[in-house]
Amino acid sequence: GGHSWGAIVAATIAATHPESAHSLLLLDPSPAAGIPIPSETFVDITFGGELGPWNSLAEAKDSVRYLPQYTNWTENLERAFERGVAPDGAGKWCARISRETLIAICTAVGKDHSAVVRKVVCPTLFVVADQSLAWQEPINFTLLPQAASVVIKSNHWLMSGNPEELHRAVGDWLPTDSEFDAASA
């Protein structure tokens, strides 16, 4: 499984290699039908606040900790953010990934993958944020009508937005050991 863009990659693998996919977990996936705005605009809106430059690591952390993707700022999120930034040659702190690289990734992922995703045959669970439901239902849910779906109160970053409810939703969907053993027999 995967989250966001990673969910589309996971669904593509499950669709093109069904023998390798026992089940599939899609966490607030990106729109399989593509992103309807230019990649540059999407990157600037979504990641602009995380790219820098900043005068110090402390300034970088202070400026991003209130972005939606860092809701519920914790020591773990802080450490993850720190791993993604580095000082540049001019003494400023910047993201390790460039805007240009993000645009290239967004261009590839932002294409229409719905024809491939529609071919997923393994048991699938969508876990989506209530803040994403308005577009998830008409775009992604319709591609896999056989999939189970759970909506949790969160923003797109489910793992930090509402980890307890995410863990419960996934745990409720996973088979118990005895159910798994019976299905495998």
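The text that follows walks through the structure, step by step, so that each part is easy to find. Counting restarts for each chain: residues are numbered from 1 in the order of the written sequence. The predicted origin of the model limits local features to residues at a pLDDT of at least 70 and limits the giving and counting of side-chain atom pairs to 80 or more, whereas totals for whole chains, interfaces and linings rest on all residues. As a rule here, side-chain values cover all heavy atoms of the structure and leave hydrogens and water aside.

## Some thoughts on unusual backbone geometry
Cut-off, in case you're wondering: In this text, helices come from DSSP runs of H or I with a minimum length of four residues, and strands from runs of E with a minimum of two, each type numbered from the N-terminal end.
A cis amide bond links G52 to the next residue, P53, at an omega of 10°. One can find P53 in the loop between α2 (39-47) and α3 (57-64). Despite not being glycine, S4 has its phi angle at roughly 60°, a positive value. Despite not being glycine, D28 has its phi angle at roughly 40°, a positive value. Here D28 lies in the loop between β2 (24-27) and α2.

## Here we look at helix α9 (residues 163-173)
Applied cut-off: We call a residue buried when its accessible area falls under 20% of the maximum for its residue type, exposed when it is over 50%, and partly exposed in between, using a 1.4 Å probe and counting protein chains only. It is the directions from the helix axis to the C-beta atoms whose arc is reported. Contact between two residues is taken to exist if any of their heavy atoms lie within 4.5 Å; hydrogens are not considered.
For α9, the full list of buried residues reads L166, A169 and V170. Down the axis of α9, the buried side of the element spans an arc of 90°, and every buried residue falls inside it. Opposite the buried face of α9, by more than 90 degrees, sit the exposed residues E164, H167 and D172. Its buried side turned inward, α9 meets β2, β5 (124-129), β6 (148-152) and α8 (158-161).

## Some words on the packing of aromatic side chains
Worth spelling out the cut-off: Between the rings of Phe, Tyr and Trp (Trp by its six-membered ring), a pair exists once the centres lie within 6.5 Å; its type follows the angle of the planes, with under 30 degrees stacked, over 60 edge-to-face, and the other angles tilted.
Throughout the structure, instances matching the rule amount to 7 aromatic pairs. The interplanar angle of 65° and the centroid separation of 5.9 Å between the aromatic rings of W5 and F47 together place this pair among those described as edge-to-face. With W5 in helix α1 (residues 5-16) and F47 in helix α2, this residue pair connects regions lying 42 residues apart in the sequence. For W5, a relative accessible area of 14% corresponds to the buried category. Overall, the relative accessible area of 18% leaves F47 in the buried class. Feature note: the residues W54, Y70, W73 and F81 constitute an aromatic cluster, connected by ring pairs.

## Here we look at the layout of surface pockets
What counts, and what does not: Detection works on a 1 Å grid of protein atoms alone, calling trapped sets that fit a 1.4 Å probe cavities and calling open sets with protein on both sides within 12 Å along at least five of seven lines pockets, with lining residues defined by an atom within 4 Å of a point. Grid points are joined across faces, edges and corners, and a volume is the space filled by probe spheres set on the points. For this scheme, ten residues count as nonpolar: Ala, Val, Leu, Ile, Met, Phe, Trp, Tyr, Cys and Pro. Four count as charged, namely Asp, Glu, Lys and Arg, and the remainder, Gly too, count as polar.
In this structure, the largest pocket encloses a volume near 960 Å³. In terms of lining, the largest pocket is formed by 34 residues, of which the most central are T46, F47, E50, Q69 and W157. Sorting the residues of the lining of the largest pocket by element identifies α2, α4 (75-83), α5 (99-109) and α8 as the ones contributing at least two each. Element by element, the count of residues in the lining of the largest pocket is highest for α2, at 4 residues. Among the residues making up the lining of the largest pocket, the classes are represented as 22 nonpolar, 10 polar and 2 charged.

## So, the environment of L26
Summarising the element assignment, L26 is placed in strand β2. A sequence separation of 100 residues divides L26 from F126, and the C-alpha atoms of the two residues are 4.8 Å apart. Filtering out sequence-adjacent residues up to four positions away, L26 remains in contact with G2, A7, A11, T124, L125, F126, V127 and L144.

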